[in-house]
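Analysis of the macromolecular model
Residues per chain are reported as follows:
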Amino acid sequence: MNEFLLARPGSVLRTSGVREVYSDPRHAVATLREWQSSPGSAQRDDDVAARRRASSNPPMIVGALPFDPREPAALWQPETVLHTAGPWRPAALPNLPAVRVVAEIPSAADHVARVTKLVEQLADPANELRKVVAARSMVLEAEAPLDPELLAAHLLTRHPNAAVYAVDLSAAGRSGETLIGATPEVLVARHGDHISLHPLAGTLPRRADPAQDAAQAQELLSSTKNHEEHAFVIDWIRQQLAPVCAELRIPDAPELLSTEQVWHLATPIHGVLRDPSTTALDLALLLHPTPAVNGTPFAAALDAITTDEPWRGFYGGAVGWCGDDGDGEWVVAIRGGELSADQRVLRAGAGGGIVAASDPVAELAETTAKLRTLLVALRCELPND
């Protein structure tokens with residue numbers, strides 16, 4: 001298959017076919033660098049320019065990065081690319097097959113118990129951990145195969161301001177499996193020497209009553225716990241970007257961002273690169289996974305997650321593209337799931353940032369609200385709804 005779809009409100013990128021596969025992202029970066037003109041002899045520069053003129057298919061890298069950067073990526077050069085401005089408008093929207101929840105991993109009670117243990121660890125001054133993102137998943141079973149593009153289209157109708165993605169995972173050795181979702185979070189975008197990010201951390205569920213919903217938003221905006229969780233993300237991003245940016249603009253305080261299911265604390269970040277050869281894929285590898293999906297300190301949080309949690313795969317990873325000029329866009333692979341090769345089983349994931357002040361029951365409610373992004377589009381009821 002090796003098909004890729006990333007539909008953002010301002011643009012749609014679709015690709016098909018495969019020219020070369022990259023399970024190691026650094027190999028993909030090397031391919032882009034080889035293509036670019038670089039300092040050296042005039043003969044080399046002439047050769048690069050001639051090769052550009054002779055080729056009608058300059059390399060573009062598309063695909064997904066796994067949550068754990070030590071695992072194989074699903075990146076490739078596509079055969080065909082269609083990149084258009086404006087929103088994606090699916091031609092038709094037939095109903096999806098019926099879907100039901102067949103498993104929760106871990107169970108709600110076990111998730112609360114795990115978060116309770118993490119809170120105790122995080123409150124211990126002798127423990128180096130300061131934040132860990134604890135996730136759980138639901139396994140869904142469909143009565144008939146789920147078409148990935150149709151599911152993506154249904155997600156788009158529910159979440160028109162999200163980045164909707166559908167990515168074949170065959171390049172990572174998972175033949176026929178697809179990563180699908182509708183994420184509100186931009187990991188990084190690069191256009192020329194300018195970059196932008198929109199990290200999210202700190203969340204409360206939406207309320208059906210408008211007055212209660214407005215109060216919920218204000219509660220989030222004034223929450224010390226959620227601001228602490230958000231600050232870990234911003235501090236880490238500042239640390240990662242400072243060496244590669246000549247200019248970095250980060251607001252002093254986050255703002256509110258809403259989706260259909262939750263309120264988020266969000267910080268729009270803008271920067272100017274020191275070196276224009278730094279590509280969007282370089283930046284994605286530098287930033288991913290942020291403390292918004294991992295925790296802090298980086299290595300300790302990653303070890304805690306991979307030791308105590310079922311395998312995340314590409315949940316919490318990144319989806320995006322990088323062109324031969326280094327421009328590109330990467331989004332965080334949340335609010336979605338992984339569809340099996342027979343298109344009958346979908347594993348949906350959701351997590352929340354745990355700090356010493358976290359309430360385990362509230363953290364469970366947060367993951368449930370986030371899971372609804374996918375479940376509502378599937379018209380699938382949660383077991384306790």
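Quick note: structure is the one above.
Residues numbered from 1 in each chain as written. Predicted model: local features only at pLDDT ≥ 70, side-chain atom pairs only at ≥ 80, totals over all residues. Heavy atoms only, no water.

The pairing of strands in a sheet comes from backbone hydrogen bonds and takes either a parallel or an antiparallel form. Read from one edge of the open sheet, three strands run 13-16-15, paired in antiparallel fashion. The open sheet has two edge strands, strand 13 (200-205) and strand 15 (255-258), and neither has a second partner. The average undirected angle you get between the axes of adjacent strands in this sheet is 30°. In the sheet, strand 13 pairs with strand 16 (residues 262-266) via four bridges, with the strands oriented antiparallel. (Pairing = 2+ DSSP bridges. Helix = DSSP H or I, 4+ residues; strand = E, 2+ residues; numbered from the N terminus. Axes fitted to C-alpha atoms, helices over the stretch in contact; angles between N-to-C directions.)

In this section: the sheet that holds strand 14 (residues 245-249). Reading across the sheet, the nine strands line up as 3-5-4-19-20-11-12-17-14 and stay open at both edges, with antiparallel pairing between neighbours. Of all the strands in the sheet, just strand 3 (20-22) and strand 14 have a single pairing partner and so form its edges. Sheet twist, expressed as the mean angle between neighbouring strand axes with direction ignored, is 15°. Pairing analysis gives three bridges linking strand 3 to strand 5 (residues 74-77), with the strands arranged antiparallel. Counted as the bridge partner of Tyr22 is Leu75 from strand 5. With respect to the sheet, helix 1 (residues 25-35) is in contact with strand 3, strand 4 (61-65), strand 5 and strand 19 (317-322), its orientation differing from that of strand 3 by roughly 130°. Here helix 7 (residues 280-287) sits on the sheet and contacts strand 4, strand 11 (186-191), strand 12 (194-198), strand 17 (269-273), strand 19 and strand 20 (328-333); the angle it forms with strand 11, its principal contact strand, is near 155°. (Contact = heavy atoms within 4.5 Å.)

Moving on, we get to the nonpolar core. Grouped together as the largest cluster of nonpolar side chains are 51 residues, with contacts concentrated most on Val188 and Trp330. In this structure, Trp88, Leu96, Leu140 and Leu156 belong to the second largest nonpolar core, which totals 33 residues. (Core = buried A, V, L, I, M, F, W, Y, C linked by side-chain atoms within 4.5 Å. Buried < 20%, exposed > 50% of the residue type's maximum accessible area, 1.4 Å probe, protein only.)

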